[in-house]
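Fold and contact review
What follows is the residue order along each chain.
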Amino acid sequence: LSRVFASSKGGLASGSGSSTNGWTHSSQGAINYSPQNGMLKLAQVTPGACLINIGINDAVNGTSDAAFRTALGTMIERCGTNGTALTDAIVCTMNPLDTASVAQATQDAFNVAIKEVAALNNLPVFDVNLLLGRDFITANAAGWMHDALHPNEAGYAKIATEQYNLFDFIVG
């Protein structure tokens, strides 16, 4: 999980304690990922909406399909209230990764798992992989990638703009 943005309505927050179009987040609302920290923080807040971006670290570190699906399902559950899944949430696929870091088949399997877990929870999927070109070579040639795993500033800006538009459409 890169970050979970949580708020009651509006647009995407741009920095800690900041506000953009009604969205705010703080150290409790925008959660920097570590498996323990992320889950503990989600247990402490009751977000009105979540943007879940999980998978890259799991793919790089060889997390099993079953363990990944369980972790994603738990993350979705924790975004909800009283143990029920949140309805105003978007689950993101992974961005394309260099195949020297993670085999394409592994990337594809993680993105399928993300889509299937989101579907089981009736949540929309924001396809970052598709947005940036489906594979690292295309994404890098288009100028979206910083390194083998991470988009650059232009790539993140492209992702954030489209995520904002989707959240605005869903949350209103």
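What counts and what doesn't
- Residues numbered from 1 in each chain as written.
- Predicted model: local features only at pLDDT ≥ 70, side-chain atom pairs only at ≥ 80, totals over all residues.
- Heavy atoms only, no water.
- Helix = DSSP H or I, 4+ residues; strand = E, 2+ residues; numbered from the N terminus.
- Buried < 20%, exposed > 50% of the residue type's maximum accessible area, 1.4 Å probe, protein only.
- Areas by Shrake-Rupley, 256 points an atom, 1.4 Å probe, with all protein chains shown as cover.
- pLDDT = per-residue confidence, 0-100.
- Contact = heavy atoms within 4.5 Å.
- Salt bridge = Lys/Arg side-chain N within 4 Å of Asp/Glu carboxyl O.
- Expected span 1.5 Å × (residues − 1).
- Arc of directions from axis to C-beta.
- Axes fitted to C-alpha atoms, helices over the stretch in contact; angles between N-to-C directions.
- Parallel < 35°, antiparallel > 145°, perpendicular 65-115°, else oblique.
- Left-handed = near helix turned anticlockwise from the far one by under 90°.
- Pairing = 2+ DSSP bridges.

1. Focus on the overall build of the protein chain
Along the backbone of the protein chain there are seven helices and five strands. Order of helices (α) and strands (β) in the protein chain, N terminus to C terminus: β-β-α-β-α-α-β-α-β-α-α-α. Residue burial in the protein chain is summarised as follows: out of 172 residues, 41% are buried. Surface accessibility of the protein chain: about 8,200 Å² in total, with carbon and sulfur atoms responsible for 52%.

2. Quick notes on the confidence of the model for the protein chain
Should the pLDDT be low somewhere, the predicted coordinates at that spot are not to be read in detail. Model confidence for the protein chain is summarised by a mean pLDDT of 76, while 66% of its residues fall at 70 or above. When the elements of the protein chain are averaged for pLDDT, strand β2 (residues 23-24) gives the smallest value, 33, and helix α6 (residues 136-141) the largest, 98. Confidence drops under pLDDT 50 across residues 1-36; counting only partners more than four residues distant or on other chains, this segment forms 96 contacts.

3. Quick word on the pattern of salt bridges
For the structure on display, the rule yields three salt bridges. In this structure, Asp65 engages Arg69 in a salt bridge whose closest nitrogen and oxygen atoms are separated by 2.7 Å. Linking Asp65 with Arg69, this pair stays in helix α3 (residues 65-79), spanning four residues, or about one helical turn. Using a relative accessible area of 41% as the deciding quantity, one classes Asp65 as partly exposed. Of the residues examined, Arg69 reaches a relative accessible area of 24% and is grouped as partly exposed. Between Asp127 and Lys115 there is a salt bridge, and its shortest N-O distance comes to 3.2 Å. Taken together, the residues Asp127 in the loop between β5 (125-126) and α5 (128-131) and Lys115 in helix α4 (residues 104-120) connect sequence positions twelve residues apart. Shared partners join several salt bridges into a network, and the residues in it are Asp65, Arg69 and Glu116.

4. Remarks on α4
Taking 1.5 Å per residue, 17 residues should reach 24 Å; α4 reaches 24 Å between its end C-alpha atoms and fits that length. For α4, the complete set of buried residues consists of Gln107, Phe110, Asn111, Ala113, Ile114, Val117 and Ala118. All buried residues of α4 lie within an arc of 155 degrees about the axis, which places them on one face of the element. Within α4, the exposed residues directed more than 90 degrees away from the buried face are Ala105, Ala119 and Leu120. On the buried face of α4, the contacting elements are α2 (56-61), α3, β4 (89-92), β5 and α5. Asn122, located one to two residues past α4, shows a positive phi value of around 55 degrees.

5. Things to note about α3
Over its 15 residues, α3 runs 21 Å from end to end, which matches the ideal 21 Å to within 8%, given 1.5 Å per residue. When we look at burial in α3, the residues that qualify are Phe68, Leu72, Gly73, Met75, Ile76 and Cys79. Viewed along the axis of α3, the buried residues span an arc of 155 degrees, placing them on a single side of the element. Across from the buried face of α3, at angles greater than 90 degrees, the exposed residues are Ala66 and Thr70.

6. A word on the packing of α3 against α4
Following both chains from N to C, one finds α3 and α4 inclined at 40 degrees, their axes separated by 10 Å at the closest point. Between α3 and α4, the crossing angle belongs to the class labelled oblique. Handedness of the crossing formed by α3 with α4: right-handed. Here α3 contributes Asp65, Phe68, Arg69, Leu72, Gly73 and Ile76 to the contact with α4, which in turn contributes Phe110, Ala113, Ile114, Glu116 and Val117.

7. Quick look at the sheet that holds β4
Pairing between the strands of a sheet comes from backbone hydrogen bonds, and it takes one of two forms, parallel or antiparallel. Here we have three strands laid out as an open sheet, ordered β3-β4-β5, and parallel in their pairing. The sheet terminates laterally at β3 (50-53) and β5, the two strands that pair on one side only. When β3 meets β4, the two strands line up parallel, connected through four bridges. Each residue of the ladder has a partner; that of Leu51, found in β4, is Ile90. Across the sheet, α3 touches β3 and β4, and the angle it forms with β3 is around 165 degrees.

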